[in-house]
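Listed below are the residues making up each chain.
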Amino acid sequence: MKRLLAVLVLATGLSLAQGVVLRALMEDVPETRIIEELLPRFERETGIRVEFEKVQYAAMHDKLVAQLLAPQSAYDFLQVDFLWAGEFPAAGWLEPLEPYVKRSGFDLSPYYPSMLDLVGYYRGTLYMIPMYNYAMGLIYRKDLLSRKDLAEKYRARFKRPLALPKTLEEYVDLSLFMAKNAGVAGAAMQGQRGDPNFMEFSNYLFAAGGDYVDRNWRVTLASPQGEKALALYVRNIQQGAQKGALNANLDDTFRVMCQGRAFSMITYWWMLPQLDDPKQCPKVAGKVALSPVPGGAGVNGGWGWAIPKNSAQKEAAWRFISWVESKPIVRERALRGHAPTRKDAFQDPEVLKKYPYYKEAERIIAGAKKVPIFAYTAEMEDVVGREISLAAAGQKPVKQALQDAARGLEGLLKKAGLLR
Amino acid sequence: MKGRGTGLLLALPGLLLLAGVVGLPLLYALYLSLTDYTFLKPSAAFQGLGRYLDALQDPYFRHALALTGVYVGLTVGLTLALGLLLAVLLHQRLPFRGLHYLAVSLPMLIAPVGVGLIWKMILHPELGILAYLFGGRDFLGDARYALLTLALVDVWQQTSFAALVLLAGLRSLPKEPLEAAYVDGATPWQAFWRVTFPLLLPVLGVLLILQVVAEVRTYDLVYVLTRGGPGTATDLVSFYIYRKAFLGLDLSGASAMGYFLLLATLALTALYYRGLTRA
């Protein structure tokens, strides 16, 4: 009798799950396709079908906001960029995940603290599960760094051997040197105002020892370190970067680097396998390497999974999230080229064998710093990006641009209630 | 009287639809602009004209407004001049006329985002043909050229519409005044400026209004080509308002700015109507 009951319950559960369809808006990138390949397995195991609507990054935020404001969201779970990881919870759009984690016994310990800080917790409450990391590092051309003629010229000019730079000044010096002597741009730079130049500049800021805010959200951007960072950034974009850098975005810099027309780029570490792919970039494959941003910390970036408060299928959504973030699936994703956020995947021997540079990536993630994440992070990118762009275009002196950016940031922090 | 009632009745469905699709959002935006509504704090406390004052005190909004003024002047002026030239040329007896029509109307048929992407590649400082011809000039990344470049791309697309409208205008002009001018010994140049052009003025006027309204709203090209940069060189007002709403999450502020734009466009239209009725 008991067995019959169990079978009945199981059958009802399965038939209830049958016909459940979860929808999500996902960025149209290879990583999404990797997860998509694994979806039939989830459907076989749970009877829940998952459908992805794939769009370009630039279209995601507006689409999500429209759905999150609606009485019921068309998306049952979300992929949240770290830039929205303050805005969405602050607006009350996300479901707190602690009850789900407790109920299902989901283990958070394999995640890097820097990742949980970035796309996990918001002001002490867990709203997201880290999904993907895109911390920034330096990608450079090994072959140019070991060219004899360049090494001699470099030594004659700087009285030190040509090597991977240790500080931000050294890096900019090297970039300008390469631009002058190696027949390539010293750096492929993404100077388009907004997200591209904000993210790029933030690496310079952190590498120079500066930061946007202190622990109490007081703005520290217009510091001597900040000034040094912006001056070096402007110098590099004006003298070391490729033509058109002031209007370039990530795709443009990738093309420049892929065609072998630049020595280096400060970019997301997952760019390395793209550039190292002989089919995609035959001119530079085998010649590129990854390292942390000279001077130390780079910018941390990432995506997290979340469930909108107005989702109609929260339990099923959590089932998907806990499945896709389970150890075997994360490992499977990592082996197929999806950047992980869990230590066990980074340290998995098979994963490391396939992607030896994950060692460097792990160093980058462990040392990465985050830009201020709060309700108006997206607007902060716009405001600060505008000032960086004005300075880079030579339309505003460095000091003035930095002060204006700091003032703009302060206004946003006040608006968000973080500063008085 | 009965006829008028039937007319109203027949127009009612259309009017209702218009009221629903255009009127309601306009009223809602007006309401929002008088509150402090944001996506993060949808409380909507009454603010009076506070958000309008905020907008006026925002130096970057004022900059965007002024820049848009320059941009509209530039694009509309060039579009009308080039459109008129093309229309007059197409009005001649040319061989392969169909082919010319097709070539002239093609830009109009492409979505603005497509136009932006095509020109982005043409203007690309490393890969683009134009940059190659002009010695690697960085048209969009250099603050000195960016606005003009944006305007020229826009003119490239808008001219085809202007040319077709003006061509239709030319076709519908009465022939007699022109014949009379020639009988009186006018040169083609004189005939055009003294007879054809004045007769074409009402069409040009309508086109002027349509173009001004279209250009004030320019958004897609900025989005695709420059994102308002370098610096604030191409930060046109529609793009600014969009960012206010969707990056700043400030719907009330954006609505107030939108109303400024609406009022400016309405004022221009009203001015034109007055000119037209007086004439």
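Conventions and cut-offs
- Residues numbered from 1 in each chain as written.
- Chains lettered and ligands numbered in written order.
- Predicted model: local features only at pLDDT ≥ 70, side-chain atom pairs only at ≥ 80, totals over all residues.
- Heavy atoms only, no water.
- Pairing = 2+ DSSP bridges.
- Helix = DSSP H or I, 4+ residues; strand = E, 2+ residues; numbered from the N terminus.
- Axes fitted to C-alpha atoms, helices over the stretch in contact; angles between N-to-C directions.
- Contact = heavy atoms within 4.5 Å.
- Buried area = accessible area lost by both parts, 1.4 Å probe.
- Salt bridge = Lys/Arg side-chain N within 4 Å of Asp/Glu carboxyl O.
- Polar contact = N/O pair within 3.5 Å; in protein donor to acceptor, adjacent residues only side chain to side chain.
- Nonpolar A, V, L, I, M, F, W, Y, C, P; charged D, E, K, R; others polar.
- Buried < 20%, exposed > 50% of the residue type's maximum accessible area, 1.4 Å probe, protein only.
- Parallel < 35°, antiparallel > 145°, perpendicular 65-115°, else oblique.

*Asks:* Where do I start with the sheet that holds strand β3 (residues 78-81) of chain A in this structure?
*Replies:* Strand pairing within a sheet occurs via backbone hydrogen bonds; the two strands may be parallel or antiparallel. Residue and element names in this part refer to chain A. Strand order in this open sheet of three strands is β3-β10-β6, and the pairing throughout is antiparallel. Strands with a single pairing partner mark the edges of an open sheet, and in this sheet they are β3 and β6 (129-133). The average undirected angle you get between the axes of adjacent strands in this sheet is 35°. Alignment of β6 against strand β10 (residues 302-306), held across four bridges, turns out to be antiparallel.

*Asks:* What's the story with the interface of chain B and chain A in this structure? I'm lost.
*Replies:* Often, the extent of an interface is quoted as the loss of accessible area upon association of its parts. At the junction of the two partners, chain B supplies 29 residues and chain A supplies 35 residues. A buried area of about 2,700 Å², summed over both sides, lies between chain B and chain A, and 52% of it is on carbon and sulfur atoms. For chain B, the biggest contributors to the area lost against chain A are Leu40, Glu126 and Leu247 of chain B; these three give 21% of the whole. Run the count over chain B and chain A and you get three salt bridges. In this structure, Arg193 of chain A engages Asp235 of chain B in a salt bridge whose closest nitrogen and oxygen atoms are separated by 3.4 Å. Summed over the shared surface of chain B and chain A, the number is 12 residue pairs in polar contact (both at pLDDT 80 or more). Put simply, the parts of the chain that give the side of chain B that touches chain A at least two residues each are α10 (220-225) and α11 (237-246) of chain B. The class makeup of the residues in the side of chain B that touches chain A is 14 nonpolar, nine polar and six charged.

*Asks:* Just to check I follow, could you spell out the pattern of salt bridges for this structure?
*Replies:* Side-chain pairing between opposite charges can occur once the charged atoms of the two side chains come close. Residues and elements named next belong to chain A. One pass over the structure, following the stated rule, counts 37 salt bridges over all chains. Between Glu169 and Lys228 there is a salt bridge, with the nearest N and O atoms lying 3.1 Å from each other. Taken together, the residues span a long stretch of sequence, with Glu169 in helix α9 (residues 168-181) and Lys228 in helix α11 (residues 224-240) at a distance of 59 residues. Residue Glu169 is classed as partly exposed on the basis of its relative accessible area of 33%. Across the pair Glu332 and Arg336 runs a salt bridge, and its minimum N-O distance is 2.9 Å. Take Arg336: its relative accessible area is 35%, and that puts it in the partly exposed class. A cluster of three or more residues bridged by salt bridges with shared partners is formed by Arg386, Glu387, Lys396, Asp404 and Arg407.

*Asks:* So what exactly am I meant to see when it comes to unusual backbone geometry here?
*Replies:* Most peptide bonds are trans, and most residues other than glycine sit at a negative phi. Residue Gly229 of chain B is joined to Pro230 of chain B through a cis peptide bond whose omega torsion reads -5°. Its location among the elements puts Pro230 of chain B in the loop between α10 and α11. The backbone phi angle of Trp217 of chain A is positive, close to 65°, even though this residue is not glycine. Position of Trp217 of chain A relative to the elements: it lies in the loop between α10 (195-207) and α11. Among the residues examined, Trp217 of chain A registers a relative accessible area of 23% and is labelled partly exposed.

*Asks:* I tried to follow the packing of helix α19 (residues 377-392) of chain A against helix α20 (residues 398-415) of chain A on my own but got confused; where do I start?
*Replies:* Working note: a packed helix pair is described by the angle between its axes plus the distance between those axes. All names here are of chain A. At a minimum axis distance of 9 Å, the contact between α19 and α20 shows a crossing angle of 170°. Our classification of the angle between α19 and α20 gives roughly antiparallel. Contacts from Glu379, Met380, Val383, Val384, Glu387 and Ala391 in α19 reach Ala401, Asp404, Ala405, Gly408, Leu409, Leu412 and Lys415 in α20. Broken down by class, the residue content of the contact of α19 with α20 amounts to eight nonpolar, one polar and four charged.

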